[in-house]
Amino acid sequence: MIDRPADMLTLTLPDGATRDVAPGTLPGEVVKSIGERLYQAAIAVEVNGTVQDLMTPLRESGAFRVLTARDARALDVLRHSAAHLLATAVRRVRPEARIGFGPAIEDGFYYDFEVDHPFTPDDLARFEDEMAKVAKEKLPFVRAELSRRDAEHVFAGDPLKLERLSELADDEVISTYTDGPFVDLCRGPHVPDTSYLKHFKLLNTAGAYWRGDEHRQMLQRIYGTAWFKKEDLDAYLHRIEEAKRRDHRLLGKQLDLFMFHQFSPGSAFWTERGTTIFNELMGYVRELQREKFQEVRTPVLYNKGLWEISGHWGKYRENMFLVHNNESEELDSSLKPMNCPSHYLLYLSRKHSYRELPLRFATFDTLHRNEVTGALSGLTRVRQFHQDDCHIFLTEGQIAEEVRFLAQFIADFYRTFGLRPAVRFATRPEVRIGDDALWDRAEGALRAALEATGMPYELKPGDGAFYGPKIDFDVTDSLGRLWQLGTIQLDYNAPERFDLEYVGDDNAMHRPVVIHRAVSGSFERFIAILIEHFAGAFPVWLAPEQVRVLPITDEMEGVAQAVVRRMRDAGIRAHLDDRKETLNYRIRDGEMMKVPYMAVIGKREAEGDTVAVRARGEGKKQEVVGVGEFIGRVLGEIRARST
Ligand SMILES: [Zn+2]
Ligand SMILES: [Zn+2]
């Protein structure tokens, strides 16, 4: 065996073969020596797990792997290169633009520019055209390594780049990449030349502070996406179009459901229509809980003493809104972020017998959690919310049956909306209260109960609540996004901390266990998911406006009013649209508001005690039905809660 010369590098290929190359050899040459076809397909390489491009000299020995368009990591290289392509195009069209950074991000890339006037959609179209031209020119990305002085000279007109340059450590390699006349200060990696960039699209612009610092200048950020295949680009564009069409924040506005205000960030203001949906959901859960649950209400504000007992003060304080009362300067009270401790106080207010167990305290109380402003997003990330919460006090022997009952309850609830939850079992997290023996017991019991239900489930290690393990019900919405909603959590800690007891059949005192349960998670988040799941077209029972009655002319107005009256008396949310607009205009408006049924009344209908019914989503199709029959039909749909 011959030792490799001391100054050579050894590259180990995925199949175990090795190559010795001189330091400074370009990866492109190595790939070419492996095979011409591989070289044609190569986007970049991975050296010891780090991606580098084909034109960056090799400096270390180790594992060497070629990345082609099939590797997920190659997409980042493509997208970052697309950012260069964008900057190249912007500089051609707007030479005065000064350049910032242009990284790859999830699904795409962006590039920041400093310009005197914000970019317009027209600018974007011109940049995109120019990008296509630059791509066709097949300009190689040429790498150069420069001295600091030379680099400062190159970027003399780009203060943002000079700032970056001044921060580079003395021993750091300063590299530039050039395509055409455009030079960027960059460490790479990039695709070999601009012709690799075929399937891209610029999406939008937004203001962005230089380095995310609000004290620095505002830059113009252009977002784009890039893919290896046209099908992938098309599928992605379709996905974002669909997401936009279903975006609950936009639909919430269009359908007049809720709003937010800067004076109460993260807390929804519900309009009459939104409140109707909210109340319908709450009513549904109430109905399901009527037999076996006790609905209760407890305060929102508590002294810290309670949170110290519960463990929230130690493990959860940063998520709580702390306040001080007027007698104290200290922040020694908090709005409740969870209902549990208050339910324990209620439980402690009197003695309980084993005969009462399982005892289920259910509530819809208002909760507050201190999410940072930047994390707030529509109804999915809020500070104020309402859970369909429940705390169950039970004996250890009742756990299996109770978990089966609750799991079935939750699954049935979701089926009503056509949602299929995935069940996940989450175990002890890093930050927690209670000793390991208690956790062993809780995890063992909950897992056994879950297995007994026969529901298939996945494991989520470390994702439990800080006081106990849980079963989560995660729902995938119509766009394939996952949301954690319903939950069943087993808690051996709280009964210890709060000294909860019950009188057993032996007349001695025993410790119960506690189960925390939520069905929809929070109504806020659940409504957001429903809006997007149904794209705003709620099933009749949930729709804020179930029927809109449209008299064709003034003559039928009296009859129309009477029809609306009959519907309302029957319990249908019917509205009259007698605006002095054309019928077509009013129908279009009803369609936009996604009203399930429009009942048109013309002369013939008025005389025959009928309505011409247009069902949502059925186009121009119209069916003449007797008023009584129509009311019966709608009521049937409402009662069945059919989707
Ligand atoms: Zn770059
Ligand atoms: Zn709880």
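Per-chain numbering applies: the sequence of each chain, read as written, is numbered from 1 onward. For this description, chains carry letters from A and ligands carry numbers from 1, given in the order in which they are written. Side-chain atom pairs in this predicted model are given and counted only at pLDDT of 80 or more, local residue features only at pLDDT of at least 70, and totals for whole chains, interfaces and linings cover all residues. With hydrogens and water excluded, all non-hydrogen atoms of the structure serve as input to the side-chain values.

K.L.:
Before we go on, may I ask you to explain the pairing of strand β13 (residues 218-227) in this structure?
P.N.:
In the case of a regular strand, side chains alternate between the two sheet surfaces. Accessible area is worked out with a 1.4 Å probe on protein chains only. A residue is then buried under 20% of its type maximum, exposed over 50%, and partly exposed in between. Per the convention used, a helix needs a DSSP run of H or I reaching at least four residues, while a strand needs a run of E reaching at least two, with both numbered from the N terminus. Among the 10 residues in β13, eight count as buried, and that is most of the element. A pair of strands is considered paired only if DSSP assigns at least 2 bridges between the two. Across five bridges, the pairing between strand β8 (residues 108-114) and β13 is antiparallel. Looking across to β13, one finds that Tyr111 is bridged to Ile222. Summarising the sheet, strand β12 (residues 199-209) and β13 pair through 10 bridges and their orientation is antiparallel. Each residue of the ladder has a partner; that of Leu202, found in β13, is Gly224.

K.L.:
I'm lost on the sheet that holds strand β31 (residues 574-576) in this one. Help?
P.N.:
Two pairing modes exist for strands in a sheet, parallel and antiparallel, and in both the strands are linked by backbone hydrogen bonds. An order of β31-β30-β32-β33-β34 is seen for the five strands of this open sheet, with the pairing classed as mixed. Bordering the open sheet on either side are β31 and β34 (623-626), each of which pairs with just one other strand. For this sheet, the mean inter-axis angle between neighbouring strands, taken without regard to orientation, is 30°. Both strand β32 (residues 597-601) and strand β33 (residues 610-615) contribute to a ladder of four bridges, which runs antiparallel. Across the sheet, the residue bridging to Tyr597 is Ala615, located in β33. In what follows, residue pairs with any heavy atoms lying within 4.5 Å of each other are defined as contacts. Only the stretch in contact is used when a helix axis is fitted, and all axes are lines through C-alpha atoms; the angle between N-to-C directions ranges over 0 to 180 degrees. Sheet strands in contact with helix α18 (residues 583-592) are β30 (547-551), β32 and β33, and its direction is about 175° off that of β30.

K.L.:
How should I be thinking about the environment of Gly521 in this particular structure?
P.N.:
With respect to the element layout, Gly521 can be found in strand β29 (residues 513-522). Judged by its relative accessible area of 10%, Gly521 falls in the buried class. Separated by 270 residues in sequence, Gly521 and Leu251 have C-alpha atoms that sit 21 Å apart. Filtering out sequence-adjacent residues up to four positions away, Gly521 remains in contact with His386, Gln387, Asp388, Leu485 and Gly486.

K.L.:
What exactly am I supposed to notice about the domain arrangement of the protein chain here?
P.N.:
For each domain, the first and last residues come from an automatic or database assignment. In terms of domain boundaries, the protein chain breaks down into domain 1 (9-68), domain 2 (74-246), domain 3 (271-298 + 350-533) and domain 4 (547-640). Between domain 1 and domain 2, the C-alpha centre-to-centre distance is 26 Å. The quantity reported as buried area is the accessible area (1.4 Å probe) lost by two parts once they are put together, taken as the sum for both. Summed over both partners, the interface of domain 1 with domain 2 comes to about 960 Å²; 64% of that surface belongs to carbon and sulfur atoms. On the domain 1 side of the contact with domain 2, Ile43, Asp53 and Met55 bury the most area, a combined 53% of that side's loss. Salt bridge, as applied in this entry: a Lys or Arg side-chain nitrogen positioned within 4 Å of an Asp or Glu carboxyl oxygen. Viewed at the interface, domain 2 and domain 1 are joined by one salt bridge. Between N or O atoms, a polar contact is any pair within 3.5 Å; within protein, one atom must be a potential hydrogen donor and the other a potential acceptor, and residues adjacent in sequence are included only when both atoms are from side chains. Across the domain 1-domain 2 interface, the total number found is five residue pairs in polar contact (both at pLDDT 80 or more). Counting residues per element, the ones that place at least two in the side of domain 1 that touches domain 2 are β3 (42-47), β4 (50-52) and β5 (62-68).

K.L.:
Please explain the coordination of the zinc ion (ligand 1) as it appears in this structure.
P.N.:
Tetrahedral metal sites with four donors have an ideal angle of 109.5 degrees; octahedral sites with six donors have ideal angles of 90 or 180 degrees. Coordinating N, O and S atoms are those within 2.8 Å of the metal (3.2 Å for Na, K and Ca), and as water is not part of the atoms, a site may appear to have fewer donors than expected. With distances of 1.9 to 2.1 Å, the protein atoms coordinating the zinc ion (ligand 1) are His80 (NE2), His84 (NE2), Cys186 (SG) and His190 (NE2). Metal sites are grouped by the angles between bound donors: all angles between 85 and 135 degrees with four donors is tetrahedral, opposite donors over 155 degrees apart with the others between 65 and 115 is square planar for four donors and octahedral for six, and any other pattern is irregular. What the four donor atoms of the zinc ion (ligand 1) show is an angle range of 90 to 129° at the metal, which sorts the shape as tetrahedral. In terms of primary sequence, the donors binding the zinc ion (ligand 1) are separated according to H-x3-H-x101-C-x3-H. Placement of the pair is His84 in helix α3 (residues 72-93) and His190 in the loop between β11 (182-185) and β12, with a sequence separation of 106 residues. Judged by its relative accessible area of 0%, His84 is buried.

K.L.:
Sorry if this is basic, but what is going on with the nonpolar core here?
P.N.:
Generally speaking, a soluble globular protein has its nonpolar side chains buried in company with each other. Residues enter a nonpolar core if they are buried and are Ala, Val, Leu, Ile, Met, Phe, Trp, Tyr or Cys, with the set joined through side-chain atoms within 4.5 Å. Core analysis: the largest hydrophobic core is formed by 83 residues, its most contacted members being Leu281, Phe417 and Val547. The element that contributes the greatest number of residues to this core is helix α13 (residues 399-415), accounting for 10 residues. Domain assignment of the residues forming this core places at least three in each of domain 3 (271-298 + 350-533) and domain 4 (547-640). Residue contacts for Phe417: discarding those within four places in its chain leaves Leu281, Tyr284, Phe526, Leu530, His533, Phe534, Trp541, Leu542 and Thr643. Judged by nonpolar contacts, the second largest core, of 57 residues, contains Leu9, Phe64, Phe141 and Phe200.

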